[in-house]
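Structure at a glance
Here is what each chain is made of, one letter per residue.
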Amino acid sequence: MPASMSDSSVQLSTVAVVGLGKIGLPLAVQYARKGYQVIGCDVNEQVVQNLNQGKTHIQEEGELALEIPCLVQQGYLSATTQTTDAVRRANVVVVIVPVLIDAAHTVDFQHIDAATMAIGAGLQSGTLVIYETTLPVGTTSSRLRSLLERTSGLYADQDFYLAYSPERVSSGTVFRDLSQYPKVISGIGRCSTARAAAFYRSVLEAEIITMASTDEAEFVKLIETTYRDVNIALANEFARYADSHGLNVRSAIAAANTQPYSHIHTPGVGVGGHCIPVYPYFLFANPFDEQEDIQEDDMLTLPRKARRINDSMAEYAVQRIERVVGSLSCQSVLILGVAYRGDVRETAFTSARLLQQALLRHGASVYVDDPYFSIGELQAQGYTPLPSGYEHMIDVIILQCNHRAFQNFDFCCASACKVILDGRQALCRKSIEALGIHYITIGDGEYKCSGRIHA
Ligand SMILES: NC(=O)c1ccc[n+]([C@@H]2O[C@H](COP(=O)([O-])OP(=O)(O)OC[C@H]3O[C@@H](n4cnc5c(N)ncnc54)[C@H](O)[C@@H]3O)[C@@H](O)[C@H]2O)c1
């Protein structure tokens, strides 16, 4: 063990941040603000070139455009595609490249494996490596540790420090969240935990929570996100119950949530994004024994069921609409918003996709509108953008995501529209009904009450 391995107060001066995306770039800026020399590493040459010119490719955090030119000019921040070289010069390496799932919901480690091999090739004795990417339980202690040890010839917690700390911030509010959310950490052993804690104390004001193992720290993030998926599934079940009993779920949940132990989320047409509908699948994967999947009968039955409930909401929404207007066969339906949530330009696992599939199964012609994407971008994603001036051809509108711009959508132009399903409880019922359009939401209790209105 080098002398520095037992000393958590050793000066740390250079940080390599691997992955300069929506989260990695703000992290690089946060560390540079604190006086570290930060080398951002990314495989995307354009991202690297932009940063070295003092520009940001991430628009979600307003602070980046203001601070990056200065930090680059003063030499606190630079970027490279040569991760191995940057790691050779760094005392700390923070990894924040994505781990994804494929169409079959299998965890895809290709980006983090590639990043880890590049890091291992440049890893020096005494360097601290921290993974912040959301990971299946056991990934740091097994897969990533052995990849690093194999490629570097060094041993974790003996020659170099290895830790895991889930990144819990949200894109768009990264700096606020970094200052407020406690930082959950764990090293692979005692020395690594102490060194990681010392690093985070030097860059964050937030409380630090130390877990017993990297496995437990990985579990924390999967609990947070799976909780929200299960909570929304429960809200969706309550909404369906409300529909079949002539009750309004929105008022009932709002009243229930006035009791301090009730925190029910909002029902809707589905759950999208790269976290909530994805990380439950990280729990179902079994990295301890790749031959043996975690059996449905054994455990995690509730998260599995929640995933199915939330993904079934698109089909349910279509059935709700058909209850009002009759068969959607040969009817034109406009989906407002393909982004997975309001006011973001991201479509990962968006409910718009499930809605489109459900509507097509029911024989509808499906159009979309989303001000965050060009016509070409919508077409490239397999959608049919509604041509401008064709609103009068639309029979049904579904609000899939609540972009602020949709508050000003001119529903008067949709003169043939019979029903609007407000999938996010975001539109003004009164003004829609004033246009003679039937307004419904998931869980408004009208499933039981309403008769058909179609001509
Ligand atoms: N986006 C969020 O809201 C959010 C919130 C909390 C945590 N996270 C975690 O952060 C991770 C990254 O999210 P993001 O939104 O920043 O992703 P992103 O897609 O915006 O950015 C990822 C970056 O990593 C780069 N990259 C890919 N492979 C690389 C490699 N081998 N070496 C170097 N760079 C590589 C890409 O070029 C890209 O610039 C997520 O997978 C998740 O675990 C994300």
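All values reported here derive from a predicted model rather than from experimental measurement. (Residues numbered from 1 in each chain as written. Predicted model: local features only at pLDDT ≥ 70, side-chain atom pairs only at ≥ 80, totals over all residues. Heavy atoms only, no water.)

Points about the domain arrangement of the protein chain
- For the protein chain, the assigned domains read domain 1 (9–213) and domain 2 (252–455).
- Between the C-alpha centres of domain 1 and domain 2 the distance comes to 35 Å.
- Contacts between domain 1 and domain 2 engage 14 residues on the former and eleven residues on the latter.
- Summing the contributions of domain 1 and of domain 2, the shared interface buries around 1,100 Å²; its carbon and sulfur component is 68%.
- Applying the counting rule to domain 1 against domain 2 returns zero salt bridges. (Domains from an automatic or database assignment. Contact = heavy atoms within 4.5 Å. Buried area = accessible area lost by both parts, 1.4 Å probe. Salt bridge = Lys/Arg side-chain N within 4 Å of Asp/Glu carboxyl O.)

As for the packing of aromatic side chains
- Across all of its chains, the model carries six aromatic pairs by this definition.
- Taking the centre distance of 4.9 Å and the plane angle of 50 degrees together, the rings of F409 and F411 count as tilted.
- For F411, a relative accessible area of 9% puts it in the buried group.
- Grouping aromatic residues by their ring pairs yields a cluster made of Y31, Y36, F199 and Y200.
- The aromatic ring of F109 is capped on one face by R143, whose charged end is 4.0 Å from the ring centroid. (Phe/Tyr/Trp six-rings, centres within 6.5 Å; stacked < 30°, edge-to-face > 60°. Buried < 20%, exposed > 50% of the residue type's maximum accessible area, 1.4 Å probe, protein only. Lys NZ or Arg CZ within 6 Å of the ring centre and 35° of its normal.)

A word on the pattern of salt bridges
- Counting across every chain of the model gives 19 salt bridges.
- A salt bridge links D395 to K418; its shortest N-O distance comes to 3.3 Å. Residue D395 is found in the loop between α15 (375–380) and β13 (396–399), and its partner K418 is found in the loop between β13 and β14 (419–422); the two are separated by 23 residues along the sequence.
- Relative accessible area serves as the criterion here: at 14%, D395 is assigned to the buried category.
- Judged by its relative accessible area of 21%, K418 falls in the partly exposed class.
- Among the salt bridges present, the one from R429 reaches E446, with a minimum N-O distance of 2.5 Å. One end of the pair, R429, is in helix α16 (residues 429–434); the other, E446, is in helix α17 (residues 446–449), with 17 residues separating them in the sequence.
- Each member of the salt-bridge network shares a partner with another, and the members are E132, E167 and K183. (Helix = DSSP H or I, 4+ residues; strand = E, 2+ residues; numbered from the N terminus.)

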